[in-house]
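Structure at a glance
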Amino acid sequence: MDATTNPVFCTIIPPHVFDRLIEAEDPALARIARRTFVADAAQRTERRLTTVLGAEPVAPPAGAAADQPQRTVYDAQHTTTLPGHKVRGEGEAPVQDATVNRAYAGLGATFELYLKAYQRHSIDGNGMPLDATVHFDHSYNNAFWNGTQMVFGDGDGQIFLDFTLPVDVIGHELTHGVTQHTANLTYFGQPGALNESMSDVFGSLVKQYSLDQDAHQADWLIGAGLLAPGVHGDALRSMKAPGTAYDDPVLGKDPQPATMDHYVTTGRDNGGVHINSGIPNHAFYLLADELGGKAWERAGQIWYDVLTGGHLGTQAMFKDFAKLTVAAARARYGDGAEYQAVQKAWSQVGIPPA
Ligand SMILES: [Zn+2]
């Protein structure tokens, strides 16, 4: 496994946002951005070592029911030591700290979508326990999956709020674990943008499932509620209208393209993994919108079939993925509405799958 590109350390806030914040005129903001960036780099190095050595396989506890999550929430108490002190285990009553309870609920919502919609037992498909640490570091402006657990910062309160607030952010991060255990898409360039897009798609579906929304009711935003009051923006990303999630003097403008016409070639952000993910994100939105109803049912099923079906290579490009979704739609639903809608959605973003 290639330690430099394996998606074992995936943060919700991409580096281009910190580039802007580090240059912020407010020295306090710039300092917080620099701190978060340094803490991220330290975690990245730690994970790389773990990956090289090989992670221990995680077995569910003896007697654990396959249809129940095994959640544990820890409190880092504003340090960077993981996992921290255990504050809530599976089946235990809510605690005083709302952040702990939100993390616990978000892990449960993600487990439930994968189980109920796709009969998948946890992240690895084998009942893997779900661990999360809250209150990581001071004013830490990020959340991440480190290959074995979730970690949430509190945000600085000026740009970002508590990272446990949006349930789709939790679903996004845990989906990096699902991808790691299935297609294992290389975290660079187009395969990396597909990896990011998988996390946005299923993160949004976790939110939609937990709110019982259909495709037309959903906001299709990633990270709604995460930006502090006063920041000009609705969320981190928009699947419905990539490039419109925020436009702020400090944060800059959402750089996501919606179609291949505006594909961004860059060496930053692992070759634009959080930028060009807007294109497959938008294809999924267009498909779900065309089909209507619950997006996790047919649209989500087609995407899930490709992610877990064994034909998606670690180096897959957008076009490879598009073709596989067309084949998956036909295999599961025949050559009717779903098959037509998948082709139409990809054509609309400039990736005709024929
Ligand atoms: Zn991600």
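See above for the structure.
To start, this report covers the structure provided alongside it. Remember, it's a predicted structure, so these values are computed and weren't measured experimentally. (Residues numbered from 1 in each chain as written. Predicted model: local features only at pLDDT ≥ 70, side-chain atom pairs only at ≥ 80, totals over all residues. Heavy atoms only, no water.)

Digging into the packing of helix α5 (residues 189–211) against helix α7 (residues 278–291)
In contact at an axis separation of 8 Å, α5 and α7 are set at 40° when each is read in the N-to-C sense. The two elements α5 and α7 meet at a crossing, and its hand is right-handed. Of α7, the residues touching α5 (which contributes Ala193, Leu194, Ser197, Asp200, Val201 and Leu205) are Pro280, Asn281 and Phe284. Of the residues that constitute the contact of α5 with α7, the class distribution is six nonpolar, two polar and one charged. (Axes fitted to C-alpha atoms, helices over the stretch in contact; angles between N-to-C directions. Helix = DSSP H or I, 4+ residues; strand = E, 2+ residues; numbered from the N terminus. Left-handed = near helix turned anticlockwise from the far one by under 90°. Contact = heavy atoms within 4.5 Å. Nonpolar A, V, L, I, M, F, W, Y, C, P; charged D, E, K, R; others polar.)

Concerning the sheet that holds strand β1 (residues 10–11)
Read from one edge of the open sheet, six strands run β1-β5-β6-β4-β2-β3, paired in mixed fashion. Both edges of this open sheet fall to β1 and β3 (85–89), since each of them pairs with a single strand only. The pairing of strand β2 (residues 71–75) with strand β4 (residues 130–134) spans five bridges and is classified as parallel. When the sheet's bridge partners are listed, Val73 is paired in β4 with Ala132. (Pairing = 2+ DSSP bridges.)

As for the packing of α7 against helix α10 (residues 337–348)
The contact between α7 and α10 brings their axes to 8 Å, and the two run at 140°. At the point where α7 passes α10, the crossing takes the right-handed sense. Contacts between α7 and α10 involve Pro280, Ala283, Leu286, Leu287, Glu290 and Leu291 from the first element and Ala337, Glu338, Ala341, Val342, Lys344, Ala345, Trp346 and Gln348 from the second. When its residues are assigned to classes, the contact of α7 with α10 shows ten nonpolar, one polar and three charged.

Points about the pattern of salt bridges
If you walk through the whole model with that rule in mind, you get 13 salt bridges. For Arg102, the salt bridge identified is with Asp162, shortest N-O distance 3.0 Å. One end of the pair, Arg102, is in helix α3 (residues 98–118); the other, Asp162, is in the loop between β6 (150–152) and α4 (167–181), and 60 residues separate them in sequence. Glu290 serves as the salt-bridge partner of Lys344, at 3.0 Å between the closest nitrogen and oxygen. Remark: Glu290 occurs in helix α7 and Lys344 occurs in helix α10; sequence separation between them is 54 residues. Take Lys344: its relative accessible area is 40%, and that puts it in the partly exposed class. A relative accessible area of 44% means that Glu290 is categorised as partly exposed. (Salt bridge = Lys/Arg side-chain N within 4 Å of Asp/Glu carboxyl O. Buried < 20%, exposed > 50% of the residue type's maximum accessible area, 1.4 Å probe, protein only.)

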